[in-house]
Amino acid sequence: MVAVVTSVGADEVGSLRLRAIRDLVSRVLRSYDLAGAYLLTVSRASGFPEILCVFEETQDADVFAVSVHAGATDRYPEWATQRTFRLDEAMEGALAASLLSDGEIDQR
């Protein structure tokens, strides 16, 4: 799964801000009862900041995809499943709030 980070500029790939967003996603994932491992990394291979999320278990990816409203994409043909979501300031706030509300991610 790929989180396209829109609240950080392309020149900020190694920035503290982007690492903080990656860490937020990691904290949210740790709050889930995952069946397997996951890995997060930051990439700028596409020309803009992305957080790449790889899951050992498909059901873990499915649960996270539903909670962040990830949609299908075909940009990553080497991946078994391909989903992407926009991680803008609203989603960032929703992820942070989910840590305080039993995992509910609300993006009203």
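In this text the structure is predicted, and so the values were computed from the model without any measurement.

**Student:** Mind showing me how you'd approach the overall build of the protein here?
**Tutor:** Secondary structure summary: the protein contains three helices and five strands in total. For the protein, the succession of helices and strands along the chain, N to C, is β-α-β-β-α-β-β-α. The buried share of the protein, reckoned over its 108 residues, is 43%. Of the contacts made within the protein by residues no fewer than 6 positions apart, 55% connect residues no fewer than 24 positions apart.

**Student:** I tried to follow helix α1 (residues 16-31) on my own but got confused; where do I start?
**Tutor:** Side chains that are three or four residues apart share a direction in an α-helix, a result of its 3.6 residues per turn. With 16 residues, α1 should reach 22 Å at 1.5 Å per residue; the first-to-last C-alpha distance of 22 Å fits that figure. Of all the residues in α1, the buried ones are L18, I21, L24, V25, S26, V28 and L29. Looking at the packing, one finds that the buried side of α1 touches β1 (2-5), β2 (38-43), β3 (50-55), α2 (58-68), β5 (83-87) and α3 (89-98).

**Student:** Can you help me understand the packing of aromatic side chains in this one?
**Tutor:** Aromatic ring pairs are reported here in terms of the distance separating the ring centres and the angle at which the planes meet. Applying the stated rule across the entire model yields three aromatic pairs. For the pair Y32 and F64, a centre-to-centre distance of 6.1 Å together with 65 degrees between the ring planes defines the contact as edge-to-face. Highlighted residues: Y32 in the loop between α1 and β2 and F64 in helix α2, separated in sequence by 32 residues. Accessibility expressed as a relative area gives 16% for Y32, which makes it buried.

**Student:** So what exactly am I meant to see when it comes to the sheet that holds β3 here?
**Tutor:** Backbone-to-backbone hydrogen bonds pair the strands of a sheet. The strands run either parallel or antiparallel. Taking strand neighbours across the sheet as the criterion, the five strands line up as β2-β3-β1-β5-β4 in an open arrangement whose pairing is mixed. Each edge of the open sheet is held by one strand with a lone partner, namely β2 and β4 (71-72). Of the pairings in the sheet, the one linking β1 to β5 comprises four bridges and is parallel in character. Along β5, the bridge assignment pairs A3 with F85. Running over the sheet, α1 touches β1, β2, β3 and β5 and is turned about 165 degrees from β2. Here α2 sits on the sheet and contacts β3 and β5; the angle it forms with β5, its principal contact strand, is near 40 degrees.

Conventions and cut-offs
- Residues numbered from 1 in each chain as written.
- Predicted model: local features only at pLDDT ≥ 70, side-chain atom pairs only at ≥ 80, totals over all residues.
- Heavy atoms only, no water.
- Helix = DSSP H or I, 4+ residues; strand = E, 2+ residues; numbered from the N terminus.
- Buried < 20%, exposed > 50% of the residue type's maximum accessible area, 1.4 Å probe, protein only.
- Contact = heavy atoms within 4.5 Å.
- Expected span 1.5 Å × (residues − 1).
- Phe/Tyr/Trp six-rings, centres within 6.5 Å; stacked < 30°, edge-to-face > 60°.
- Pairing = 2+ DSSP bridges.
- Axes fitted to C-alpha atoms, helices over the stretch in contact; angles between N-to-C directions.

What is shown is where atoms sit, not what they do.
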